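Structure assessment
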Amino acid sequence: MARQELRVPARYYMRLQEVLARQGIDMRDLLRDLSLPVAALEQPDATLYFSQVEQIIARAVQASGRSDLGFELGKLLTVSSHSIVGFGMVNSPTVEHAMHFVARYFRLVLPSFRMRYSSGPDHGELLFTPTAAMGHQCLSFHIETIAMASLRDVHDMVGSRIPCRMYLTIAEPSHLHRYTEIRDLHCTFGTDREPSVRLQFNVDFRRYPIAMADANALKVAEERCRELVQQVTDVRQFADWVAMTLREVGDGVPTLAELAGALNLSTRTLNRYLEREGTSYRELAGRIQHEMACERLAAGVLSITEIAYSLGFRDTANFTRAFRSRAGCSPRDYRIQLASKAPSLPEG
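Summary of the structure given here. (Residues numbered from 1 in each chain as written. Predicted model: local features only at pLDDT ≥ 70, side-chain atom pairs only at ≥ 80, totals over all residues. Heavy atoms only, no water.)

A closer look at the overall build of the chain
- In terms of regular secondary structure, the chain is built from 19 helices and seven strands.
- Taking 2.2 N^0.38 as the reference for a compact globule, 348 residues should give roughly 20 Å; the C-alpha atoms of the chain span a radius of gyration of 22 Å, in line with that estimate.
- Reported as C-alpha extents along the three principal axes, the dimensions of the chain are approximately 70 × 50 × 50 Å.
- In the chain, the share of contacts with a sequence separation of at least 24, taken over all contacts with a separation of at least 6, comes to 69%.
- A total accessible area of about 17,600 Å² is found for the chain, and carbon and sulfur atoms account for 49% of it.
- One way to put it: in the chain the 41 positive side-chain charges average out to a point 4 Å from where the 40 negative ones average out. (Helix = DSSP H or I, 4+ residues; strand = E, 2+ residues; numbered from the N terminus. Rg over C-alpha atoms; globule rule 2.2 N^0.38 Å. Contact = heavy atoms within 4.5 Å. Areas by Shrake-Rupley, 256 points an atom, 1.4 Å probe, with all protein chains shown as cover. Lys, Arg positive; Asp, Glu negative; His and termini not counted. Charge placed at Lys NZ, Arg CZ, Asp CG, Glu CD.)

Side note on the pattern of salt bridges
- Applying the stated rule across the entire model yields 19 salt bridges.
- A salt bridge links arginine 66 to aspartate 68, with the nearest nitrogen and oxygen atoms 2.9 Å apart. You'll find arginine 66 and aspartate 68 in the same group, each marked buried.
- The partner of arginine 152 in a salt bridge is aspartate 156, with the nearest N and O atoms 3.3 Å apart. Taken together, the residues span about one helical turn, with arginine 152 and aspartate 156 both in helix α10 (residues 136-158) at a distance of four residues. (Salt bridge = Lys/Arg side-chain N within 4 Å of Asp/Glu carboxyl O. Buried < 20%, exposed > 50% of the residue type's maximum accessible area, 1.4 Å probe, protein only.)

A closer look at the side chain of arginine 178
- Positionally, arginine 178 belongs in helix α11 (residues 177-180).
- Residue arginine 178 is classed as buried on the basis of its relative accessible area of 16%.
- A distance of 2.4 Å separates a polar atom in the side chain of arginine 178 from a polar atom in the side chain of glutamate 72.
- Aside from chain neighbours lying at most four places away, what touches arginine 178 is Asp68, Phe71, Glu72 and Lys75. (Polar contact = N/O pair within 3.5 Å; in protein donor to acceptor, adjacent residues only side chain to side chain.)

Focus on the sheet that holds strand β6 (residues 185-189)
- Here five strands make up an open sheet; going across it, the order is β3-β4-β7-β5-β6 and the pairing mixed. At either margin of the open sheet sits one strand with a lone partner, and together these are β3 (113-120) and β6. Across this sheet, the average inter-strand angle for adjacent strands is 15°, counted without regard to direction.
- Two strands pair when backbone bridges link them, and strand β5 (residues 164-168) and strand β7 (residues 197-201) are joined in this way by four bridges, in the antiparallel orientation. Of the residues in β7, the one forming a bridge with methionine 166 is leucine 199. (Pairing = 2+ DSSP bridges. Axes fitted to C-alpha atoms, helices over the stretch in contact; angles between N-to-C directions.)

With respect to the packing of helix α16 (residues 281-299) against helix α19 (residues 331-341)
- Put simply, α16 and α19 touch, their axes get as near as 9 Å, and they point 55° apart. In terms of orientation, α16 and α19 fall into the oblique class. In this structure, the crossing between α16 and α19 has a hand that is right-handed. From α16, Cys294, Arg296, Leu297 and Ala298 reach across to α19, where they touch Pro331, Tyr334, Arg335 and Leu338.
- Split into classes, the residues belonging to the contact of α16 with α19 amount to six nonpolar, no polar and two charged. (Parallel < 35°, antiparallel > 145°, perpendicular 65-115°, else oblique. Left-handed = near helix turned anticlockwise from the far one by under 90°. Nonpolar A, V, L, I, M, F, W, Y, C, P; charged D, E, K, R; others polar.)

Focus on the packing of helix α7 (residues 83-90) against helix α8 (residues 95-104)
- The geometry of α7 relative to α8 is characterised by a closest axis approach of 8 Å and an angle of 160° between their N-to-C directions. With respect to α8, the element α7 is oriented roughly antiparallel. Like other packed secondary-structure pairs, α7 and α8 cross with a definite hand, here right-handed. Together, Val85, Gly88 and Met89 of α7 and Ala98, Met99, Phe101 and Val102 of α8 make up the contact between the two elements.
- Each residue belonging to the contact of α7 with α8 can be placed in one class, and the counts come to six nonpolar, one polar and no charged.

Re α8
- Here α8 lies mainly inside the structure; seven of its 10 residues are buried.
- For α8, the complete set of buried residues consists of Val95, Glu96, Ala98, Met99, Phe101, Val102 and Ala103.

Concerning the packing of aromatic side chains
- Counted under the stated rule, the structure contains 10 aromatic pairs.
- With a centroid separation of 4.9 Å and 70° between ring planes, the pair formed by phenylalanine 71 and tyrosine 179 is classed as edge-to-face. Here phenylalanine 71 is found in helix α6 (residues 69-76), whereas its partner tyrosine 179 is found in helix α11, with 108 residues between them in sequence.
- A relative accessible area of 1% means that tyrosine 179 is categorised as buried.
- A network of ring pairs unites the aromatic residues Phe313, Phe319, Phe323 and Tyr334 as a single cluster.
- The positively charged end of arginine 7 is found above the aromatic ring belonging to tyrosine 49, 4.0 Å away from the centroid. (Phe/Tyr/Trp six-rings, centres within 6.5 Å; stacked < 30°, edge-to-face > 60°. Lys NZ or Arg CZ within 6 Å of the ring centre and 35° of its normal.)

Some details on the nonpolar core
- Judged by nonpolar contacts, the single largest core of 113 residues is most densely connected at Val85, Met99 and Phe201.
- If one sorts the elements of this core by residue count, α10 sits on top with 12 residues.
- Not counting the four nearest positions on each side in its chain, phenylalanine 201 is found in contact with Asp122, His123, Gly124, Leu126, Leu151, Val154, Ile162, Pro163 and Cys164. (Core = buried A, V, L, I, M, F, W, Y, C linked by side-chain atoms within 4.5 Å.)

Here you go:
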């Protein structure tokens, strides 16, 4: 069966033009360089293959030399940017209802991520996790975009700024000061075991009515969203997603149960999906562990014992045994071989 690639709304990425234009960069030229149809992508319902999104982000970062494009894009997005889902949000009776609404239909907003919303008498929490595989640069871009867009959505619906604790799994960016300058925001980087964005508010969103609420308009939005969701084909490649998550975690290895929980699946179901794609959790975890071990050995910063523990091994002996089974040599010999192949500096 031919692999069907995920398609996502183009409207969010097209707004990068507003960010790039400040540096005199024309996004239309960027799109033409990638052989993408500019006029078609400017249509309200245009979509992109996710591989095209990765290309656009990579080219935009290269052309601008900026690390904060996702941050800037997120600041531009409003509730109305979310099309019919945004229409349903602004016509909800309370912010609490709006949060449940967007979580239910988030696949229409950004199919490459999933949103969960939980709340209580004194708190509300938004959690976003990727459901599609993507490279590190693309993942970091999306995490920052979602973080800033979600923060703005909440503030716009509440009608004022409220304190927020934000947890991002990416490392501290070079533009960290952009976050520290935001009032009432406490941001922590390098958190959680799986790639995610988490926003916590110590308020009861049920107490915040939405001024534009209209029950009839909300009903129309609900019906339309249901129709669109039925048309959306889930084309996630689970093996790619698991491999991406294992790599992004960095230290330790998430269990199969933890990965399944992030997708709201049972371990048995996730196992079955992986088997259909010709692999298994054990094979993927072993491969990613070995790739990361090779990278850390080559970097020469950590000792072999430190690398073993960072990858979740209980001791160096187990790490050496696992490494030898894949590389045919011990970690120590592998590092020696790398050193012997390194080019020597010229004399004089």
